[in-house]
Amino acid sequence: MNWPHKDIVAIADLSREEIYTILDMSTSFKEISKRDIKKVPTLRGKTVVLLFYEASTRTRLSFELAAKRLSADTTALSASGSSFQKGETIMDAAFNVMAMAPDCIVIRYPYAGLPRKLARELPCSIINAGDGTHEHPTQALLDMYSMREHFGTLEGLQVAIVGDIAHSRVARSNVYGLQKVGAHVTVVAPKTLLPPGVRTWGVDVSCDFDPVIQEADVIMMLRVQRERIDEQCFPDEREYAYFYGLNKRRVDMMKPGAVIMHPGPMNRGVEITHDAADGNRSIILNQVENGVAVRMTLLYLSLGGNVNGD
Amino acid sequence: MVIKGGRIIDPANNRDDFADITVRNGRIQEILPPGAALPSGEEVIDATGHWVLPGLIDMHAHLREPGYEYKEDITSGSLAAAAGGITTVVCMANTEPVNDNAAVTQYIIRKASSIGLVRVLPVGAITKGLKGKELSEMGLMKQAGIVAVSDDGRPVESAAVMLRALEYADTFSLPVILHCEDRALSAKGVMNEGALSSRLGLAGIPAIAEETMVSRDVLIAQYAGVPVHITHISTRGSLEIIRGAKQQGIRVTCDTTPHHLVLTEDSVGTYDTNYKMNPPLRHEDDRHALVEGIRMNLVDCIATDHAPHAGDEKALDFDLAPFGIIGFQTLLPLLMKIHLEHDIDFSQLLACVTKNPAKILGLDGGALGQGSMADITIFDPGPTWTLTEEMILSKSKNSPFLGWTFNGRVVRTMVEGRTVFVSD
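Residues numbered from 1 in each chain as written. Chains lettered and ligands numbered in written order. Predicted model: local features only at pLDDT ≥ 70, side-chain atom pairs only at ≥ 80, totals over all residues. Heavy atoms only, no water.

## Re the overall build of chain B
Each helix and strand counted, chain B has 14 helices and 18 strands in total. Projected onto its principal axes, the C-alpha positions of chain B cover 65 × 45 × 45 Å. Looking at chain B as a whole, 61% of its 424 residues qualify as buried. On chain B, roughly 15300 Å² of surface is accessible, and the fraction owed to carbon and sulfur atoms is 50%. Averaging the coordinates of the 37 positive side-chain charges in chain B and doing the same for the 53 negative ones gives two points 3 Å apart. (Helix = DSSP H or I, 4+ residues; strand = E, 2+ residues; numbered from the N terminus. Buried < 20%, exposed > 50% of the residue type's maximum accessible area, 1.4 Å probe, protein only. Areas by Shrake-Rupley, 256 points an atom, 1.4 Å probe, with all protein chains shown as cover. Lys, Arg positive; Asp, Glu negative; His and termini not counted. Charge placed at Lys NZ, Arg CZ, Asp CG, Glu CD.)

## Considerations on the packing of helix α5 (residues 137-151) of chain A against helix α6 (residues 169-180) of chain A
Residue and element names in this part refer to chain A. Two elements in contact, α5 and α6, have axes whose closest approach is 8 Å; the angle formed by their N-to-C orientations is 55 degrees. With respect to their mutual orientation, α5 and α6 come out oblique. Considering only the axes of α5 and α6, their crossing is right-handed. Residues Pro137, Gln139, Ala140, Asp143, Met144 and Met147 of α5 pack against Val170, Ser173, Asn174, Gly177 and Leu178 of α6. (Axes fitted to C-alpha atoms, helices over the stretch in contact; angles between N-to-C directions. Parallel < 35°, antiparallel > 145°, perpendicular 65-115°, else oblique. Left-handed = near helix turned anticlockwise from the far one by under 90°. Contact = heavy atoms within 4.5 Å.)

## Side note on the packing of aromatic side chains
A complete count under the given rule lists 14 aromatic pairs over all chains for this structure. Ring geometry for phenylalanine 29 of chain A versus tyrosine 300 of chain A: centroids 5.4 Å apart, planes at 55 degrees, classification tilted. Residue phenylalanine 29 of chain A is located in helix α1 (residues 16-32), and its partner tyrosine 300 of chain A is located in helix α12 (residues 284-302); the two are separated by 271 residues in the primary sequence. With relative accessibility at 8%, the residue tyrosine 300 of chain A sits in the buried group. Feature note: the residues Trp385, Phe401, Trp404 and Phe406 of chain B constitute an aromatic cluster, connected by ring pairs. Directly above the aromatic system of tryptophan 385 of chain B lies the positively charged group of arginine 409 of chain B, at a separation of 5.1 Å from the ring centroid. (Phe/Tyr/Trp six-rings, centres within 6.5 Å; stacked < 30°, edge-to-face > 60°. Lys NZ or Arg CZ within 6 Å of the ring centre and 35° of its normal.)

## Re the sheet that holds strand β8 (residues 119-125) of chain B
Residue and element names in this part refer to chain B. Within the open sheet, the eight strands sit side by side as β6-β7-β8-β9-β10-β13-β14-β15. Their pairing is parallel. Edge positions in the sheet fall to β6 (56-61) and β15 (301-302), since each of these pairs with one other strand and no more. Here strand β10 (residues 176-178) runs beside strand β13 (residues 228-230); their pairing, made up of two bridges, is parallel. Residue pairing for β13: leucine 178 is matched across the bridge by isoleucine 230. (Pairing = 2+ DSSP bridges.)

## What to know about the interface of chain B and chain A
Opposite the 16 residues of chain B that make contact, chain A presents 21 residues. Summed over both sides, the interface between chain B and chain A buries roughly 1300 Å², with carbon and sulfur atoms accounting for 51% of that surface. Between chain B and chain A we count two salt bridges in total. Of the residues belonging to the side of chain B that touches chain A, the class tally is seven nonpolar, four polar and five charged. (Buried area = accessible area lost by both parts, 1.4 Å probe. Salt bridge = Lys/Arg side-chain N within 4 Å of Asp/Glu carboxyl O. Nonpolar A, V, L, I, M, F, W, Y, C, P; charged D, E, K, R; others polar.)

## Re unusual backbone geometry
All names here are of chain B. Residue glutamate 65 is joined to proline 66 through a cis peptide bond whose omega torsion reads 5 degrees. Its location among the elements puts proline 66 in the loop between β6 and α1 (74-83). Note that the residue after glutamate 96, namely proline 97, is joined by a cis bond; omega there is 0 degrees. Here proline 97 is to be found in the loop between β7 (86-91) and α2 (102-115). Positioned with a positive phi, alanine 187 is a non-glycine residue whose angle comes to about 40 degrees. Within the secondary structure layout, alanine 187 lies in the loop between α5 (183-186) and β11 (191-192). When its relative accessible area of 57% is taken as the criterion, alanine 187 is described as exposed. A positive phi is found at aspartate 305, a non-glycine position, where the angle reads about 55 degrees. Residue placement: aspartate 305 occurs in the loop between β15 and α11 (311-314).

## Considerations on the sheet that holds strand β1 (residues 47-52) of chain A
Where strands meet in a sheet, backbone hydrogen bonds hold them as pairs that are either parallel or antiparallel. Residue and element names in this part refer to chain A. The sheet built from four strands is open, its strands ordered β2-β1-β3-β4 with parallel pairing. Strand pairing shows two members of the sheet lacking a second neighbour, β2 (73-78) and β4 (125-131), which therefore form its edges. Ignoring strand direction, the axes of neighbouring strands in this sheet form an average angle of 15 degrees. When β1 meets strand β3 (residues 104-109), the two strands line up parallel, connected through five bridges. Each bridged residue has a counterpart across the sheet, and for leucine 50 the counterpart in β3 is valine 106.

## Comments concerning the layout of surface pockets
Residue and element names in this part refer to chain B. Size it by volume and the second largest pocket reaches roughly 640 Å³. As for the second largest pocket, its lining consists of 30 residues, of which Arg64, Asn94, Gly153, Arg154 and Phe323 are closest to the centre. Counted by class, the lining of the second largest pocket contains nine nonpolar, 13 polar and eight charged residues. (1 Å grid on protein atoms, 1.4 Å probe; cavity = no way out; pocket = protein on both sides within 12 Å on 5 of 7 lines; lining within 4 Å. Points joined across faces, edges and corners; volume = space filled by probe spheres on them.)

## Some details on the pairing of strand β17 (residues 405-415) of chain B
Residues and elements named next belong to chain B. β17 sits mainly inside the fold: eight of its eleven residues count as buried. The sheet contact formed by β17 and strand β18 (residues 418-422) spans four bridges and is antiparallel. Counterpart to valine 415 in the pairing with β18 is arginine 418. Adjacent in sequence and paired antiparallel, β17 and β18 are bridged by two residues, among which glutamate 416 carries a positive phi angle near 50 degrees.

## Remarks on the side chain of glutamine 348 of chain B
By the secondary structure assignment, glutamine 348 of chain B is in helix α13 (residues 346-351). For glutamine 348 of chain B, a relative accessible area of 19% translates into the label buried.

## Notes on the domain arrangement of chain A
Residues and elements named next belong to chain A. Splitting chain A by domain gives domain 1 (11-134 + 288-309) and domain 2 (137-287). Computed over C-alpha atoms only, the centres of domain 1 and domain 2 are separated by 25 Å. Across the boundary between the two partners, domain 1 contributes 32 residues, which contact 29 residues of domain 2. Summed over both sides, the interface between domain 1 and domain 2 buries roughly 2500 Å², with carbon and sulfur atoms accounting for 54% of that surface. Inspection of the domain 1/domain 2 interface yields four salt bridges. (Domains from an automatic or database assignment.)

## Section: the nonpolar core
Ranked by size, the top nonpolar core spans 98 residues in total, and within it Leu202, Ile230 and Ile302 of chain B carry the most contacts. Per-domain counts for this core show at least three residues from each of domain 1 (2-51 + 373-393 + 403-422) and domain 2 (55-361) of chain B. Those residues in contact with isoleucine 302 of chain B, other than ones at most four positions away along the chain, are Asp255, Thr256, Thr257, Pro258, Leu261, Ile294, Leu331, Leu335, Leu349, Cys352 and Val353 of chain B. Within the second largest apolar cluster, 92 residues are counted, among which are Ala67, Val218, Met221 and Leu222 of chain A. (Core = buried A, V, L, I, M, F, W, Y, C linked by side-chain atoms within 4.5 Å.)

## So, the domain arrangement of chain B
Residue and element names in this part refer to chain B. For chain B, the assigned domains are domain 1 (2-51 + 373-393 + 403-422) and domain 2 (55-361). Taken over C-alpha atoms, the centre of domain 1 sits 27 Å from the centre of domain 2. Facing the 26 residues of domain 1 at the interface are 33 residues of domain 2. Interface of domain 1 and domain 2: buried area, both sides summed, is about 2300 Å²; carbon and sulfur atoms make up 71% of it. Contact with domain 2 buries area across many residues of domain 1, yet Pro11, Leu393 and Trp404 alone supply 25% of it, more than any other trio. At the boundary of domain 1 and domain 2, one finds two salt bridges. Measuring nitrogen to oxygen at the nearest pair gives 2.3 Å for the salt bridge that ties aspartate 375 to arginine 119. Elements with a contribution of two residues or more to the side of domain 1 that touches domain 2: β16 (376-386), β17 and β18.

Printed below as a string of structure tokens:
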């Protein structure tokens, strides 16, 4: 079976079956990273360009390792040190990169919509590694993979996403994805951090963290930025941590078997304390590990690989 | 000159019938019933099958000169306006330098008259540099030829300054055109705020960013006892505030744009920056309310907010590209479209771009009576055509209507009896 997508721009573009295909295939790719020789020749001769116009450590490294373990050639470019700083427009940069014939461009960008535009205008595959507050599809896929790995299924799973829902591309991609695979999502935030129109998302919405904790199988904490204090979304970190932080008291309220996730980077002491981040309920590092496997799958499929690997 | 055989539609004189028009010395000399004896030896323009309309008045446009000639200048803007059947362009003050003093006003007027196409009437800034702090020299600008003052582009934040501005403008009988927007509420917004903006990951401009300012300015106008004109309203809420104000006898008028009457935020889905303008495209419910507002004479005028931006600027990300679209050459075609799709009398729509703006701005024009200025647009309602970039005479091509098919086109535009545009 052929994979029908040239690009991975948004979870909104993927069907339930396609999401499951990605999750299923990622298990075999995960095995490669456990080998002594962590490299297969699958994408030998393919070129993957990583264009990161916004700070990233985890995602960029994850993509780079994923590509390298599949034997693709990679090169990474960030905003600083590129001609972006000299005022070159992003489309000029993209056409210049395209002229050097990459097979895939992985793009992270501070504004919404660019990966969609690149997917439309460039013949190579585009993988969205996060565009503004729009989507971060590969993060949602690795999150779903990690949940399924832990619980065995996604169907009926109770997932609470807590924090700056309004400005989070991770929250958006996870909400769309989890809904497609039959999980139940509750978003938790003060009203100032809920996006306009959240009632149309088909998720439960709560401003009160405690009752949600007791019901959730997965508690996904989102990073909250200091910038939101300047925008008067909440008064200070102390009050935020008190009402919306995951601390020892709240970890103790969690259901047996429930897990803690965080896409990183964490603000320790704000949305999450060390009891939560480093305790035995945390699967935060599993998320990072699985990220490489899921991105191997996505590179493989986008660069012409067949579903089921044949 | 004689314009013969056309259907004359003139809301100012409640006229919609077939007649011949004679023009002399830039004015309409006589309007004669069909078949009446016409003066001999005159140039005859055959308008059979065509509509003969008062030249359109666009009371809100940006000609970009001085300062932004790479986007548009008075020449290219005048050519585009003439091709759109617009004989009077009212141009906003956010040029560089800002039109906040008589020297800039005179520059614009002299430039326009040397071009000799459409009538260009500048609007002066309410405050110096559009900074919202100190009143500009409205009196001297009025002597130089401004027809109104406006804060368009950078709304006056301080209510105290606004109150003084209304009183001071009224001292010189200058109409005040207000762009109502609380910029703290619109903040980094780039499209209508709501479920769609959340889904697209774009910061929203809430309806209340407009509506709170409409409310404030209506109250200030009432207190000052000065008329105000609120430009490019985009929401049902703004319309409701204006309806209430009008019912109370507050002297408030308003306009909306053709694009707010035909487009909604749904168009933003592809991140195409030709759908980025301020105020943003709103919900279908707002669009519908505005159309009904026209039908019920609550919306007084339709103005293009013609806002040229260079291709390179509009090629930026949706978050970064400038607000605004061009509108001169699509004004009349869009009115036709609204007329056909919403069953609103064409003459009612026509009043919004002729009689009503003339009245609000105190202009001699917007009518086809005996002795009226011979600003005349001849429109052929027959042909259908598709808008292409090559047809656009503006320097900038930032139109969301490229590729649209329209009914009817302008065949001739006359300013004071001089033909300034003829279609080929």
